[in-house]
Amino acid sequence: MTQARLAVQREMQRLRSDETTTTERIHIMIHFSRFTMRENRNDPERQMFLAEHGALETLVSFSASSRKQTHNITFADEDEEELFQRCALTALSQICSWNVATSKLVGENARFIDVMKDLLKWDYDTTRNVRLTAMNVLYNILNNCFDCHASLLCFIPDITHPFTTTDYDSDVLAWCCNVIYNFTLNPQSLLPLAQQNVPATLISAQSKILPPWAYVVIAMALANISTVTDYEKWSDFDCNVHDVCDCFRSSLFGDDYPQHSGVFFDGWEVAMAIANLSAIERHKQALVSESIFGLLSTALESATDKRLIKYSLLGLWRVTS
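None of these values were measured; they are calculated from a predicted model. (Residues numbered from 1 in each chain as written. Predicted model: local features only at pLDDT ≥ 70, side-chain atom pairs only at ≥ 80, totals over all residues. Heavy atoms only, no water.)

A short note on the overall build of the chain
In terms of regular secondary structure, the chain is built from 19 helices and zero strands. Expressed along its principal axes, the backbone C-alpha trace of the chain runs to roughly 70 × 45 × 35 Å. Put simply, the chain has 321 residues, and 53% of those count as buried. Within the chain, counting contacts between residues at least 6 apart in sequence, those at least 24 apart form 70% of the total. Element-wise, carbon and sulfur atoms account for 49% of the exposed surface of the chain, whose accessible area totals about 14800 Å². Counting 27 positive and 39 negative side-chain charges, the chain places the centres of these two groups 4 Å from one another. (Helix = DSSP H or I, 4+ residues; strand = E, 2+ residues; numbered from the N terminus. Buried < 20%, exposed > 50% of the residue type's maximum accessible area, 1.4 Å probe, protein only. Contact = heavy atoms within 4.5 Å. Areas by Shrake-Rupley, 256 points an atom, 1.4 Å probe, with all protein chains shown as cover. Lys, Arg positive; Asp, Glu negative; His and termini not counted. Charge placed at Lys NZ, Arg CZ, Asp CG, Glu CD.)

A word on helix H14 (residues 212-225)
Here H14 spans 21 Å end to end across 14 residues, near enough to the 20 Å set by a 1.5 Å rise per residue. When you tally the buried positions in H14, you get 12 out of 14 residues, the bulk of the element. Along H14, the residues classified as buried are Trp213, Ala214, Val216, Val217, Ile218, Ala219, Met220, Ala221, Leu222, Ala223, Asn224 and Ile225. Packing partners of the buried residues in H14 comprise helix H11 (170-184), helix H12 (187-195), helix H13 (198-205), helix H15 (241-252) and helix H16 (267-277). (Expected span 1.5 Å × (residues − 1).)

As for the environment of Cys245
Note that Cys245 resides in helix H15. As a C-alpha pair, Cys245 and Glu290 span 45 residues in sequence and 6.8 Å in three-dimensional space. The residues contacting Cys245, other than those within four sequence positions of it, are Leu287, Glu290, Ile292 and Leu295.

A few points about the packing of aromatic side chains
The final tally for this structure, using the stated rule, is five aromatic pairs. Seen in terms of ring centroids, Phe62 and Phe84 are 5.2 Å apart; in terms of plane orientation they differ by 85°. Their pairing is edge-to-face. Here Phe62 is found in helix H4 (residues 55-63), whereas its partner Phe84 is found in helix H5 (residues 78-96), with 22 residues between them in sequence. A single burial state applies to Phe62 and to Phe84, both of which are buried. Arranged with centres 5.3 Å apart and planes meeting at 85°, the rings of Tyr139 and Trp175 form a pair that is edge-to-face. Of this pair, Tyr139 sits in helix H8 (residues 128-144) while Trp175 sits in helix H11; the two residues are 36 residues apart in sequence, bridging distant segments of the chain. The exposure class assigned to Trp175 is partly exposed, which follows from its relative accessible area of 22%. Taken together, the ring pairs connect Phe62, Phe75 and Phe84 into an aromatic cluster. The ring of Trp122 carries Arg131 above its face, with NZ or CZ at 3.9 Å from the centroid. (Phe/Tyr/Trp six-rings, centres within 6.5 Å; stacked < 30°, edge-to-face > 60°. Lys NZ or Arg CZ within 6 Å of the ring centre and 35° of its normal.)

Overview of the pattern of salt bridges
The tally for this structure, following the rule as stated, stands at 10 salt bridges. Among the ionic pairs, Lys121 bridges to Asp118, the shortest N-O distance being 3.9 Å. Judged by its relative accessible area of 33%, Lys121 is partly exposed. In this structure, the salt-bridge partner of Arg128 is Asp171, at a minimum N-O distance of 3.0 Å. With a gap of 43 residues between them, Arg128 in helix H8 and Asp171 in helix H11 connect regions that are remote in the sequence. (Salt bridge = Lys/Arg side-chain N within 4 Å of Asp/Glu carboxyl O.)

Observations regarding the environment of Val130
One can find Val130 in helix H8. With 43 residues separating them along the chain, Val130 and Cys87 place their C-alpha atoms 9.4 Å apart. Beyond its immediate chain neighbours, meaning those up to four positions away, Val130 contacts Glu82, Gln85, Arg86, Leu89 and Leu119.

Focus: helix H3 (residues 44-52)
Listed in full, the buried residues belonging to H3 are Gln47, Met48, Phe49, Leu50 and Ala51. Directly after H3, the chain includes Gly54, whose backbone phi takes a positive value near 95°.

Some words on the environment of Val217
Looking at where Val217 falls in the secondary structure, it is placed in helix H14. The exposure class of Val217 is buried, given its relative accessible area of 0%. For the pair Val217 and Trp122, spaced 95 residues apart in sequence, the C-alpha separation works out to 23 Å. Excluding residues within four positions of it along the chain, Val217 makes contact with Cys177, Asn178, Tyr181 and Phe265.

Thoughts on unusual backbone geometry
At the junction of Tyr257 and Pro258, the peptide bond is cis and its omega measures out at -10° in the coordinates. When you line up the elements, Pro258 lands in the loop between H15 and H16. Located in the positive-phi region is Asn197, a residue other than glycine, with phi close to 65°. Take Asn197: its relative accessible area is 48%, and that puts it in the partly exposed class.

A short note on the side chain of Asn186
With respect to the helices, strands and loops of the structure, Asn186 is situated in the loop between H11 and H12. Ignoring any residue separated from it by four or fewer positions in sequence, one finds Asn186 in contact with Phe146 and His149.

These figures come from the coordinates and say nothing about function on their own.
Spelled out as structure tokens, the structure:
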């Protein structure tokens with residue numbers, strides 16, 4: 001571990017040094033990004049090690065556009081700058097992957113919030129790929145650390161902005177749905193989302209062309225927000241209960257949803273949405289028609305996650321009440 005510590009510190013020092021050429025910095029950043037994806041992902045000890053030994057501050061700094069860089073670095077063109085930013089953001093995302101402690105360190109970092117404010121602004125010249133990678137970092141932090149939600153709610157106006165445009169990018173919009181969905185997993189974030197008119201924003205997204213999994217994310221996000229709003233007033237929202245139940249079935253068996261999409265859902269998250277949908281009269285019969293009793297019973301038979309047990313029991317109670 002001592003050798004690894006010295007290697008990380010040496011590479012971070014080279015990245016920050018004005019004597020390092022732009023080409024050398026790009027190669028170092030590419031190598032480090034690949035290292036975090038190959039060796040560091042889902043390894044809590046390595047992730048914290050990197051976060052505490054210079055990688056966090058360096059990666060956050062280099063995630064910013066060249067106009068906001070604190071280091072003397074000049075790129076040959078926009079493609080070169082985009083590659084550099086994406087590698088820095090990817091490494092940050094991997095350091096936060098499935099890790100509460102590192103997600104908290106990044107999510108509460110003031111410099112990180114400032115950088116993200118620029119990258120997510122829609123009147124800023126952030127490229128599509130950098131914006132998508134930035135949202136992936138935000139997605140990981142929100143998913144892992146509810147304590148960070150309060151400080152990250154400031155991004156909601158920028159996350160919801162593309163829903164109001166006619167010229168939209170389907171993948172960007174889908175990732176916006178993903179970020180909003182992760183906010184809805186935290187009960188403390190629901191009221192601020194409702195107050196910023198997020199339900200109406202999500203409803204409007206149903207009429208747009210999106211990847212199939214995004215419609216399930218929208219349905220579950222709305223189901224979660226319904227706990228703090230008057231859901232019955234959302235006359236335009238027709239939840240596809242069939243897809244949500246199919247998604248739950250896939251999650252219980254560790255399968256992706258939709259099939260071959262490479263998108264996986266945590267069982268407890270889908271159970272939470274089902275429990276919230278089961279509290280709404282017009283969805284109860286649809287849930288029964290989808291054999292929800294059998295699905296929830298299957299979940300309880302093998303569940304070890306306390307959250308999955310909690311929401312499965314809540315769903316059963318609400319459907320039968």
